[in-house]
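Here is how the chains run, residue by residue.
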Amino acid sequence: MRSGKILLYQTGAQPEAVCAAALSAAGCTVVKFYCPLAAAEDRERYFPVLRQLLREQRADMVFAFAYEPALSEACQLEGVLYAAYCINAPEMAVIADNLANDCNLLLSPDTRQTQQLLAAGAANAAYLPLAPVLTAPAQQRAEGGPDFEEISRMGDGEKGQFPKYSAISFVGSRHTDNIYSRFSGLPDQLRGYLDAATSAQTQVYGCSLFDAMIDDTLLDGLRQLLPIAQAGQDAARYRYLLTSCILPTQATMLERTRSIGYLKQEFGTRFVWYSREPADAGQDGCRGPISYDAKLAAHYAAPYIHLNMTNRCRSAGVPQNCWDILECGGFLLSNYQADFAGLLEAGRDFVQYGSGRELRDMAEYYQKHPDEALEIAAHGCRTVRENHSWTARAAELLEVL
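Cut-offs and rules
Residues numbered from 1 in each chain as written. Predicted model: local features only at pLDDT ≥ 70, side-chain atom pairs only at ≥ 80, totals over all residues. Heavy atoms only, no water. Salt bridge = Lys/Arg side-chain N within 4 Å of Asp/Glu carboxyl O. Helix = DSSP H or I, 4+ residues; strand = E, 2+ residues; numbered from the N terminus. Buried < 20%, exposed > 50% of the residue type's maximum accessible area, 1.4 Å probe, protein only. Pairing = 2+ DSSP bridges. Contact = heavy atoms within 4.5 Å. Axes fitted to C-alpha atoms, helices over the stretch in contact; angles between N-to-C directions. Phe/Tyr/Trp six-rings, centres within 6.5 Å; stacked < 30°, edge-to-face > 60°. Lys NZ or Arg CZ within 6 Å of the ring centre and 35° of its normal.

### Looking at the pattern of salt bridges
Move 1: Counted according to the given criterion, the structure contains 12 salt bridges.
Move 2: Here Glu255 makes a salt bridge to Arg312, at a shortest N to O gap of 3.0 Å. Taken together, the positions of Glu255 in helix H9 (residues 235-267) and Arg312 in the loop between strand S9 (305-308) and helix H11 (320-327) put the pair 57 residues apart, joining distant regions of the chain.
Move 3: Under the relative-accessibility criterion, Arg312 is labelled buried at 12%.

Here's what the structure looks like:
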């Protein structure tokens, strides 16, 4: 598919606008639309309207940044291709009833999630990495990024001036308010096993331990003690929600809480942390939320060591904030993710760690070698801008189609 008419179902996803613009620039006609489909009563009311829209528009494809079962059903009945870019982690499409509709093409920015979708019965699934959404002004990129004094005048950074790359920044929440807190009523032995499993996962990067650690006997016991409404009576759905959502989120909380505590102790006021989670307010100097707009772009362009701690729900893929940091010219220090391979080169475009010790060592090393950090940030920025824009992703998407 090199051109054609695309109906873009609006979900409010961060990449939506820039992707639509890239598809238009590639020669496609993009028509945006929306109708509420989340609740059962909404689906019943709007489904006939949706089918009528597909007939009238005569589009080649419906595209959305999520898998919506009602959209798939309408496309199946009207003979229209439905391409769903499943950018969420975990991806609830894995437990949808109509994945096997032959109108479906499910795209995922995570190779492991792609395999999960195929294993769950998706008619077609393909891997498509994310791309930057934020763009920093040219004068704020790594090649000549602002110093801390300039950032302070924008309402960001420390009052006063530090040497470049002497401070470390993390933008993200700890996810303390997660479903795992409901597990407090479990028998001590079972709760102890799950606590040990989530703690062990924080020490391992590049694979999930939970599938192997949750056998059928344990799963059956948990289903009796802690039913999950979204799973119903389906054991496979319960397993997916437990191993790909609930336990990984708890592991994320443990890892981030531990790392944030260390960084605050080690760097004091030179550790800058932003979170939108109410439970994080005032914790270890958390500054509250930073909006996903020009302010965050300017923050990513500043000469911090920008830390990525991937939510453990995303097993292999490169998360959105990594692409944004690099495109804005920031120096990226990230945990290991398998899908970096083939996209970006560790040590040239960014730096990665595979343990808490490596995180500490890397942060200390690049504080002492700011010229190397600047060189890596500049190279990463060039690589992303030249090879990983949404223009490039739109071309890849059309090639898959």
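### With respect to the pairing of strand S5 (residues 104-108)
Move 1: Judged by how many residues are buried, S5 sits mostly within the fold: five of five residues are covered.
Move 2: Burial of S5 is two-sided: the residues Asn104, Leu106 and Ser108 facing one way and the residues Leu105 and Leu107 facing the other way are all buried.
Move 3: Alignment of strand S4 (residues 81-85) against S5, held across four bridges, turns out to be parallel. Bridge pairing links Tyr85 to Leu107 in S5.

### Looking at the environment of Ala59
Move 1: Tracing the sequence through the fold places Ala59 in the loop between helix H2 (40-57) and strand S3 (61-64).
Move 2: Exposure remark for Ala59: the relative accessible area of 14% places this residue in the buried category.
Move 3: Once you skip the residues sitting within four places of it in the chain, Ala59 turns out to touch Lys5, Leu7, Leu54 and Val80.

### What to know about the sheet that holds S9
Move 1: Judged by pairing direction, the sheet is parallel, and its five strands sit side by side in the order S8-S7-S9-S10-S11 without closing on themselves. Edge positions in the sheet fall to strand S8 (271-274) and strand S11 (351-353), since each has one partner strand and no second. Recorded for the sheet is a direction-independent mean angle of 25° between the axes of neighbouring strands.
Move 2: As defined by bridge partners, strand S10 (residues 331-335) adjoins S11 across three bridges and the pair is classed as parallel. In the sheet register, Ser334 faces S11, and the bridge partner there is Gln352.
Move 3: Across the sheet, H9 lies against strand S7 (168-171), S8, S9 and S11, angled at about 145° from S8, the strand it touches most.

### Remarks on the packing of aromatic side chains
Move 1: Under the defined criterion, the tally for this structure stands at 13 aromatic pairs.
Move 2: With a centroid separation of 4.9 Å and an interplanar angle of 85°, the aromatic rings of Tyr365 and Tyr366 are classed as edge-to-face.
Move 3: In this structure Tyr366 comes out as buried when scored by relative accessible area, which is 9%.
Move 4: One aromatic cluster in this structure is built from Phe63, Phe65, Tyr85 and Trp390.
Move 5: If you follow Arg360 out to its NZ or CZ, it ends over the ring of Tyr262, 5.3 Å from the centre.
Move 6: The ring of Trp323 has Arg393 lying over it, and the distance from NZ or CZ to the ring centre is 5.3 Å.

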